[in-house]
Amino acid sequence: MTAPTSAPRTTEHPEDPAAPKKRRRTALLSVAAWKQFLDVAKPYWLGEDKKKAWWLLLLLIVLMLVETKLAVMLNDQAGEMTSALAAKNGGRFWTAVRACLFTLAFAVPVYAFYYYMRDLFANQWRRWLTGRFLDGYLKGRKYYALGADRDIDNPDQRISEDINTFTGRSIHFLLIFIGSLMQLVAFSTVLWSISHLLVGVLALYASIGTVVALYVFGNPLIHLNFWQLRREADFRFSLIRLRENAESIAFYRGEAQERARINLRLDKAIHNFAKLIKKQRNLNFFQRTFSQLTLVLPGVILAGGVLSGELEVGRAIQAAGAFTAVLGAVGVIVDNFESLSRFIAGIDRLHGLSRLVLDDAAPAGASADGDAHPRIERHPAKHLALHALTLHPPQSGRVLIKELHLTIKPGDALLITGDSGCGKSSLLRAIAGLWQTGSGAIHHPPLEDFFFLPQQPYLQAGTLRSQLIYPSTHADLSDEQLMAILEQVHLPRLAERVGGLDAIRDWDKLLSVGEQQRLAFGRVLVHAPQIVILDEATSALDSANEASLYGRLRESGTTLISIAHRPAVLRHHTHVLHLMGEGAWEVHDAAAYRFDGAEQQAGDAAMAPLPQAPDKPLAGPAAAPRYRSLVTH
């Protein structure tokens, strides 16, 4: 292992960038809303499933055409029955009744099959789109990078709920608009043949209603619906955190504070919903007035013709039915305004997520406006080496580590120490590729050769076998080999106690933290990686277990990078990287390092000449002569 002189302490503290400005909510039926919709929807209609998608849409359109034709026939027969009753013509009446029943015999199954195919289509689209978002969300560990993005809240809700709403509503509104167009053409012909004046009144009435709905109720409802989705997700997330951290909260007796946090998020959701229902009240008043006036308008306009005998009562009923149908077609925006506003709000949220997780999105960590911190370069190499590495937290200018030069050869074991908050875990995140804000370069073997052991191991829902082989989904090891690994990590009776390797338990609650850490070491033995990174991975173990597990890793020749605070672990490492805060660091030989008074010993050693091998020189910036590497090999 080679390392130059330590970096000097930095006193610069650039402030964190200001929180991003609020984006304007997309207006209803605006060009921006249409572009957002196309960005999310287009890949399905032009991708590998496009043939199936277009055939299903064609089938739905055909069913809609048939349904519209049958609706016109039923409207005609309703008018015929009314005229027959007014004329007291029994034969004509019963003929119309038979024709109506015959039409219904086809209309009912067509109606049922149409809605079944519509929902089936939406469900298949949801499956495809959810798969696409999940691929992008998990690819390149973007799910981790999104945790630092201030614009994207609750990505889980956006994938699970907003996609479902998007696909279902997209199909719903697409078919509504196509159906409205068909209905407009079909019934306008009927209406035009009865009264030209009625058609003109209808066009004017529908236009005024649509304009009022768009300009008076449009943007406020979309804005409130957007924030309602966010507030509800935040409230649900606070309940999920309470459930997932139930034991810790119970030990702290933190119920009062948790209730306060939950109440805060609930209050925000309730307050936003109160404003939403006020706007909705006004919209309902307008919609009700708009629709109820249609009961009067046709009668008022046609009354003169009926009373003078120029128009049959049945024709007036037929005209009223056609008027209602055409008004429903041209007033579709008014009738569905509330649903459309929620739909546009959902598109806005989904489009925001798609910009960050899909293949054509900006790199994780970049802000929405393209501004980003300089990024650490990553290059493939046979062993791990850090070259002039300067590290910042995401979306922050604070310097955690400055110009770190370090080379870790196969078989080396590096122990990272330092005060809390000095950047120990942050350095591990950078090595693992989770943090990329900073400068310099990391040369590393394939990430598949790394294995990370956190202080609190992740245990998924599944069998004991799946816990042991995680993150793999299957392993070539036999049951006997897996049992032997459990014995090597000092869990010899675990399988017997829980009911075998295929037993399913709530492992987080069943196993102590020490048992969980030993099980995590078992994963290392299953996968046999070249480099193991341990972030206080033995903090809950006794000294004997800790020494035994570290000893197995060192005997196997595995390269180790550890964070630990116990002096006993020093003998399992070859070097110590001491982070001193403000970006400064030192590298020591593990044999000469002591946890107590380490700085004083380092200072004393720095005053004496250091023997150096000619093929591994130690170098460092002349501006910082008091920080010297104590690695002498």
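Residues numbered from 1 in each chain as written. Predicted model: local features only at pLDDT ≥ 70, side-chain atom pairs only at ≥ 80, totals over all residues. Heavy atoms only, no water.

Asks: Pulling in residues and values, what's your account of the sheet that holds strand E5 (residues 438–444)?
Replies: Reading across the sheet, the four strands line up as E1-E5-E2-E3 and stay open at both edges, with mixed pairing between neighbours. One side of each edge strand has no neighbouring strand; the edge strands of this open sheet are strand E1 (377–380) and strand E3 (401–408). Along the sheet, successive strands turn relative to each other by an average axial angle of 10 degrees, direction set aside. The strands touched by helix H13 (residues 424–432) within the sheet are E1, strand E2 (384–391), E3 and E5, with E2 carrying the most contacts at an inclination of about 120 degrees. (Pairing = 2+ DSSP bridges. Helix = DSSP H or I, 4+ residues; strand = E, 2+ residues; numbered from the N terminus. Axes fitted to C-alpha atoms, helices over the stretch in contact; angles between N-to-C directions. Contact = heavy atoms within 4.5 Å.)

Asks: Break down the nonpolar core for me, with residues and values.
Replies: With 47 residues, the main nonpolar core has Trp45, Phe121, Trp125, Leu129, Phe133, Phe166 and Val357 as its most contacted residues. Looking at this core, the elements that each hand over two or more residues are helix H1 (31–46), helix H2 (50–86), helix H3 (90–138), helix H5 (155–194), helix H6 (196–244) and helix H12 (337–357). With 11 residues, the top contributor of residues to this core is H3. Excluding its chain neighbours within four sequence positions, the residues that come into contact with Phe166 are Phe37, Val40, Ala41, Trp125, Leu129, Phe343, Ile347 and Leu350. Ranked by size, the runner-up nonpolar core spans 39 residues in total, among them Leu482, Leu491, Leu519 and Ala564. (Core = buried A, V, L, I, M, F, W, Y, C linked by side-chain atoms within 4.5 Å. Buried < 20%, exposed > 50% of the residue type's maximum accessible area, 1.4 Å probe, protein only.)

Asks: Kindly report on the packing of H2 against H3, identifying the contributing residues and their values.
Replies: Close contact between H2 and H3 brings their axes to 8 Å; oriented N to C, the two are set at 155 degrees. Classified by the angle their axes make, H2 and H3 are roughly antiparallel. Crossing of H2 against H3: the hand is left-handed. In the contact of H2 with H3, the residues fall into 28 nonpolar, four polar and five charged. (Parallel < 35°, antiparallel > 145°, perpendicular 65-115°, else oblique. Left-handed = near helix turned anticlockwise from the far one by under 90°. Nonpolar A, V, L, I, M, F, W, Y, C, P; charged D, E, K, R; others polar.)

Asks: How would you sum up the sheet that holds strand E6 (residues 450–453)? Please name residues and give values.
Replies: Ordered by their spatial adjacency, six strands build an open sheet running E6-E9-E10-E4-E11-E12, and the pairing between neighbours is mixed. Of all the strands in the sheet, the pair left with one neighbour each is E6 and strand E12 (584–589). Taking each pair of neighbouring strands and ignoring which way they run, the sheet shows an average axis angle of 15 degrees. Where strand E4 (residues 413–418) lies against strand E11 (residues 575–581), five bridges are found, and the strand directions are parallel. When the sheet's bridge partners are listed, Gly418 is paired in E11 with Leu579. Helix H18 (residues 513–527) rests against E6 and strand E9 (531–535) of the sheet, and its axis sits at about 170 degrees to E6.

Asks: Can you break down the packing of aromatic side chains residue by residue, with the values?
Replies: All chains considered together, the criterion is met by 21 aromatic pairs. Between the aromatic rings of Trp45 and Trp54, the centroid separation amounts to 5.1 Å while the plane-to-plane angle is 65 degrees, which identifies the pairing as edge-to-face. Of the residues examined, Trp45 reaches a relative accessible area of 12% and is grouped as buried. Judged by relative accessible area, which is 46%, Trp54 ranks as partly exposed. Here the aromatic residues Trp34, Phe37, Tyr44, Trp45, Trp54, Phe121, Trp125, Trp128, Phe166, Phe173 and Phe343 are joined through ring pairs into a cluster of three or more. (Phe/Tyr/Trp six-rings, centres within 6.5 Å; stacked < 30°, edge-to-face > 60°.)

Asks: Could you give an account of the pattern of salt bridges, with specific residues and numbers?
Replies: The tally for this structure, following the rule as stated, stands at nine salt bridges. Asp119 is the salt-bridge partner of Arg118, the closest N and O atoms lying 3.3 Å from each other. We classify Asp119 as partly exposed; its relative accessible area is 45%. One salt-bridge network, held together by shared partners, links Arg465, Asp479 and Asp502. (Salt bridge = Lys/Arg side-chain N within 4 Å of Asp/Glu carboxyl O.)

Asks: Which residues make up the pairing of E5, and what values do they have?
Replies: Strand direction decides the pairing type here: E1 and E5, joined by four bridges, are parallel. Bridged to Glu377 within E5 is Ala441. In the sheet, E2 pairs with E5 via five bridges, with the strands oriented antiparallel. From the neighbouring strand, His387 faces E5, where its bridge partner is Ala441.

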